[in-house]
Amino acid sequence: MKLGTNLSLYGDVRDRNESAWLLPSSPGFPHRLRDEMTRYDERDEVDIVIVGCGAGGGTLAQRLARAGWSVVALDAGPFWDPETDWVSDERGSHSLYWTDPRVISGADPVPLGSNNSGRGVGGSMVHYAGYTPRFHPSDFATFTGDGVGADWPISYTDLRPYYEQLEQELPVAGQDWPWGDPHSYPFHAQPISGNGDVFIAGCEKLGIPARVGPVAIANGRFGNRPRCIYRGFCLQGCKVNAKASPLITHIPDALAHGAEIRAHCHVSKVLVDDHTGRATGVTYFKDGIEHRQRARMVAVAGYSIETPRLLLLSASNRFKDGLCNDDGQVGRYVMVQGAPQTAGRFEAEVRMYKGPPPEVSCEQFYETDPAKPYKRGFSIQTVSPLPITYAEHVVAQGHWGESLREYMRDYVHWASLGALCELLPLHSNAVTLSDEVDRHGLPVANFHYSMGENDKQLMAAAQTKMEEILRAAGATETMTIRRFAHLVGGCRMARSPKDGVVNAEQRTFAVPNLYITDGSVLPTQGSANPALTIMSLAARVADHLTAHQHTGPAAAAEARHG
Amino acid sequence: MNPSVVFIADRNRGRTPGSSPPRFPGFDVLNEVDRWDAVTAGVVLARLTPSPELSFFTGVEQATAEALCDQLLAQHEEPRIPVAALIDVRLATGETDGWHYADMPEDAQAWRQTLAFLDNDAKRQGGTSLSQLGQQQQAALVQAVQELDAQSWHGLPATHVWSLWTRYACTAFYSHPWAWNEIGFPGPAYPRGYKNMGLDAREKFEVADAANTDPVPWTRRAEAAKRRQAAAVTGESS
Ligand SMILES: Cc1cc2nc3c(=O)[nH]c(=O)nc-3n(C[C@H](O)[C@H](O)[C@H](O)COP(=O)(O)OP(=O)(O)OC[C@H]3O[C@@H](n4cnc5c(N)ncnc54)[C@H](O)[C@@H]3O)c2cc1C
Ligand code: SF4
């Protein structure tokens, strides 16, 4: 384990975040921590109420609780126990997904559900694959660099210290990383399966560099977290506690430092005092009854669909078109990565269901290539669809009936790669409110998505490259399904309110004590999976908040004494 | 192991849907049931005994749904995975995928409507409902919907109807242990995990593929024949 050698570089993880040592030594969640959790009264004015306990919300809760803030984090879904609530089964994992109604539209509508967002403490990372790459420095200034997308109000170097912290806390395993800002990882790379072997063999033949990792699965024990058993159900929630999600990487430490995590609480509105212009708390539904939590500060971290939806639902006399939406920016520039997956047939049995689906990546085509007609690029990674998802791949080729069955009988012979293409942000790709309502009577989100010309070229280029790699590895047949993954944007970070919803510190331009701390603040998305960046951004916001102490224990003490 | 689990497992020993010779002879995911965790075993074994009393589909809808699912998954003989019954459970409990296309009704309503449309099409072919037509005519009707692609079928975009049907049908079929036996997939893997990874590496409980036939040339021929047949059937009756 390399961890020890890097301690001086990164500081002691356990001193910063004890989660892995607070978990039980056999799988499950520490029930004592939950039973003894701090419980605030709704009339208490807590330092901060956080909406959503996923990548962004979970990280923020841990950081602020540790700094001594009174924190209440609300999540619409359950407080999971991996041992009793999750199953090692594809179909049986349906309850992990956000399955409240949503409408999809546009020329390229993006199916949601299992493919996009989660519900419950841990958020979408409960069922994310586990890839945790950093963004490249170029991602923060695509407009200046390539004349497309947008520039962020922060740069890569602003985020780098937080990438390093989070890579330690998850922790991340992988080979030394040659792309973007070259760096190494706290844990050595995992052993790989037949699917990874195929990818590496194909890349070697073509002279394309590929690397094992980066995955948020410790290669060995980490605190009380056991090692991976290579069972391949990462996208169904890791029952073993080997794969990182905020549920096990940040929530235990947050609880130990006095945060209250309130599950099954669907936030319906952010409350703003129209006279002072400040947020005063939130209303939420629990068991059909509306409650209210008062707070000195509010952070919204409900995912790129629910966050804009909540702001739009929080219209008031002062904010007639939706909270923070005077400039029409809420819900705009929602992005998805183009995520075509190509499978190749091999004479040998690949049995791609074995081992974690996230194994090997290649970022060789990530940056703009001046020789190509399109801007920006794509990454390629192993993916290993289980049978139900794989059947979707076969159906996408037009097969049904006996042909579908025949392809499926051949499942063990196919290896599968996935690309992530940087599709560009467009104002017209947006979350708006639909006429349909959910079970609380609240209008549901309509997510409208259409690709641009650059996007289509990237998708085609990525497919060709995956076919070449698989063929080079010996595939006799290939098939590709065109799909999308990883929604981000919708309340983007910008230098001015004309261009976005939050500033460089992720504070909304419109309401001084309202923050957005999830993937919706991303102005561009690169070709990297977003979770590590979302968590790192949230950790950065926490540093900013605790450094300035606009609220929190110091301010509260001041108020008492003053 | 608890006796009812043993009973369910025994009754399902080594089964694959239909009667073609298995590509993974002797492979039986249920051999490993006692190495599954109890929560997962409960969820998976429940699929082997869905209630015969459907509660979402009406009797007429049930017959059409069964005929449609049998076509989509080529289940033309026993034993059959009860695909329509598994879909019925989802629709009865409102367990949707959480999204629907803006140009489609929500899923439950979309199922009712599209089953009725299939029966309408069957009437035009001289039948009373989809299930009353011969196999080839049924296949031709289903094929016709797929071939419409982005065009409208009874006012709905055919691709979105196709997506609804195949998503629900494949989810039901490939969640069933008999289907896993057919494709060589061992199903639940906790707390057992896998030890032997790599090309052609197998665990003790995995069985080698006995046929190793590339599906591509076969399906190319079969699908061309199916299209010719469908054209002949629809041609005859119009
Ligand atoms: C199948 C799949 C694979 C993926 N693989 C990867 C991967 O390998 N690597 C990677 O980096 N990313 C991956 N992702 C994406 C990644 O998981 C998300 O981008 C990330 O978790 C988003 O973080 P977030 O903080 O924006 O939202 P989330 O993590 O989704 O958290 C949002 C939380 O808010 C809650 N919430 C929403 N609305 C409300 C409300 N009104 N009231 C109360 N609570 C609410 C939700 O229940 C949820 O728990 C994957 C996603 C999926 C679906
Ligand atoms: S493969 Fe490893 S990380 Fe993935 S779910 Fe299984 S044990 Fe967890």
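From a predicted model like this one, the values you see are computed outputs, not experimental measurements.

### Concerning the overall build of chain B
Looking only at helices and strands, chain B has nine helices and three strands in total. In chain B, the succession of α and β elements from N to C terminus is α-α-α-α-β-α-α-β-β-α-α-α. Counting over 238 residues, chain B shows a buried share of 54%. For chain B, the accessible surface area stands at approximately 10200 Å², while carbon and sulfur atoms represent 53% of it. The centroid of the 21 positive side-chain charges in chain B is displaced by 4 Å from the centroid of its 29 negative side-chain charges.

### Examining the overall build of chain A
In terms of helices and strands, chain A carries 17 helices and 19 strands. Taken over C-alpha atoms, the radius of gyration comes to 22 Å for chain A, in line with the 24 Å a tight globule of 562 residues would show. With respect to the principal axes defined by its C-alpha atoms, chain A has extents near 75 × 50 × 45 Å. Buried positions account for 67% of the 562 residues belonging to chain A. Within chain A, contacts between residues separated by at least 24 positions form 76% of all contacts whose residues are at least 6 apart in sequence. If you sum the accessible surface of chain A, you get close to 17300 Å²; carbon and sulfur atoms cover 49% of it.

### A closer look at the pattern of salt bridges
A complete count under the given rule lists 48 salt bridges over all chains for this structure. One salt bridge connects D100(A) with R119(A), and the closest N-O pair in it is separated by 3.5 Å. Remark: R119(A) occurs in the loop between β3 (103–105) and α7 (142–146) and D100(A) occurs in the loop between α6 (82–85) and β3; sequence separation between them is 19 residues. Accessibility classification places D100(A) together with R119(A) in one group, the buried group. One salt bridge connects R23(B) with D410(A), and the closest N-O pair in it is separated by 2.7 Å. Of this pair, R23(B) sits in the loop between α1 (3–11) and α2 (38–46) while D410(A) sits in the loop between α14 (402–409) and β14 (414–421), placing the two residues on different chains. Its relative accessible area of 0% is what places D410(A) among the buried residues. Here the salt bridges do not stand alone but share partners, grouping E349(A), R351(A), K354(A), R202(B), E203(B) and E206(B) into one network.

### Concerning the site of ligand 1
Residue and element names in this part refer to chain A. In the vicinity of ligand 1 there are 38 residues, among which D75, S124, Y131, V267 and A531 approach most closely. A distance of 2.5 Å separates an oxygen atom of ligand 1 from a polar atom in the side chain of S124. Measuring from an oxygen atom of ligand 1, one finds a backbone N or O atom of G519 at 3.0 Å. Contact with the protein chains hides 97% of the accessible area of ligand 1, taken as 1000 Å² for the molecule alone. For the shell around ligand 1, the secondary-structure elements that each account for two or more residues are α5 (55–66), β6 (266–273), α12 (303–313) and α16 (531–548). Of the residues belonging to the shell around ligand 1, the class tally is 17 nonpolar, 17 polar and four charged.

### What about the sheet that holds strand β7 (residues 278–286) of chain A?
Note: strands within a sheet are paired through backbone hydrogen bonds, in either parallel or antiparallel orientation. Residue and element names in this part refer to chain A. A sheet is described by the order of its strands in space; here three strands give the open sequence β6-β7-β8, paired in antiparallel fashion. Edge positions in the sheet fall to β6 and β8 (289–294), since each has one partner strand and no second. On average, each strand axis in the sheet is inclined to that of its neighbour by 25°, with strand direction left out of account. Sheet topology places β7 next to β8; six bridges connect them, and they run antiparallel. Note on β8: the bridge partner recorded for Y284 is H291.

### Some points on the domain arrangement of chain B
All names here are of chain B. Assigned domains within chain B: domain 1 (3–48 + 176–207), domain 2 (59–173) and domain 3 (213–238). Placing a centre on the C-alpha atoms of domain 1 and another on those of domain 2 gives a separation of 29 Å. Each partner contributes to the interface: domain 1 provides eleven residues, whereas domain 2 provides ten residues. With both sides pooled, the region where domain 1 packs onto domain 2 buries about 730 Å², and carbon together with sulfur makes up 64% of that total. In this assembly, domain 1 and domain 2 are joined by zero salt bridges. Linking domain 1 with domain 2 are three residue pairs in polar contact (both at pLDDT 80 or more), by the criterion used here. Residues that form the side of domain 1 that touches domain 2 fall into these classes: three nonpolar, five polar and three charged.

### Describing the site of ligand 2
Residue and element names in this part refer to chain A. Around ligand 2, the neighbouring residues are I217, C228, I229, Y230, R231, G232, F233, C234, C238, V240, K243 and P356. Here ligand 2 is seated within the largest cavity. For the shell around ligand 2, a count of residues per class yields nine nonpolar, one polar and two charged.

### Here we look at the confidence of the model for chain B
Low pLDDT means the predicted atomic positions in that stretch should not be read closely. When the pLDDT values of chain B are averaged, the result is 92; 95% of them are 70 or greater. Predicted complex metrics record ipTM = 0.96 and pTM = 0.95.

### A closer look at unusual backbone geometry
Here the amide bond leading from G213(A) into P214(A) is cis, since omega sits at -10°, within 30 degrees of zero. With respect to the secondary-structure elements, P214(A) resides in the loop between β4 (211–212) and α10 (246–249). Cis geometry marks the peptide bond from Y190(B) to P191(B); its omega dihedral reads 5°. Examined against the element boundaries, P191(B) turns out to sit in the loop between α8 (177–183) and α9 (215–237). For H486(A), which is not glycine, the phi torsion reads 65° and is therefore positive. Of note, H486(A) is situated in strand β18 (residues 484–490).

Criteria and thresholds
- Residues numbered from 1 in each chain as written.
- Chains lettered and ligands numbered in written order.
- Predicted model: local features only at pLDDT ≥ 70, side-chain atom pairs only at ≥ 80, totals over all residues.
- Heavy atoms only, no water.
- Helix = DSSP H or I, 4+ residues; strand = E, 2+ residues; numbered from the N terminus.
- Buried < 20%, exposed > 50% of the residue type's maximum accessible area, 1.4 Å probe, protein only.
- Areas by Shrake-Rupley, 256 points an atom, 1.4 Å probe, with all protein chains shown as cover.
- Lys, Arg positive; Asp, Glu negative; His and termini not counted.
- Charge placed at Lys NZ, Arg CZ, Asp CG, Glu CD.
- Rg over C-alpha atoms; globule rule 2.2 N^0.38 Å.
- Contact = heavy atoms within 4.5 Å.
- Salt bridge = Lys/Arg side-chain N within 4 Å of Asp/Glu carboxyl O.
- Near = heavy atom within 4 Å.
- Polar contact = N/O pair within 3.5 Å; in protein donor to acceptor, adjacent residues only side chain to side chain.
- Nonpolar A, V, L, I, M, F, W, Y, C, P; charged D, E, K, R; others polar.
- Pairing = 2+ DSSP bridges.
- Axes fitted to C-alpha atoms, helices over the stretch in contact; angles between N-to-C directions.
- Domains from an automatic or database assignment.
- Buried area = accessible area lost by both parts, 1.4 Å probe.
- 1 Å grid on protein atoms, 1.4 Å probe; cavity = no way out; pocket = protein on both sides within 12 Å on 5 of 7 lines; lining within 4 Å.
- Sits in = over half its atoms within 2 Å of the grid points.
- pLDDT = per-residue confidence, 0-100.

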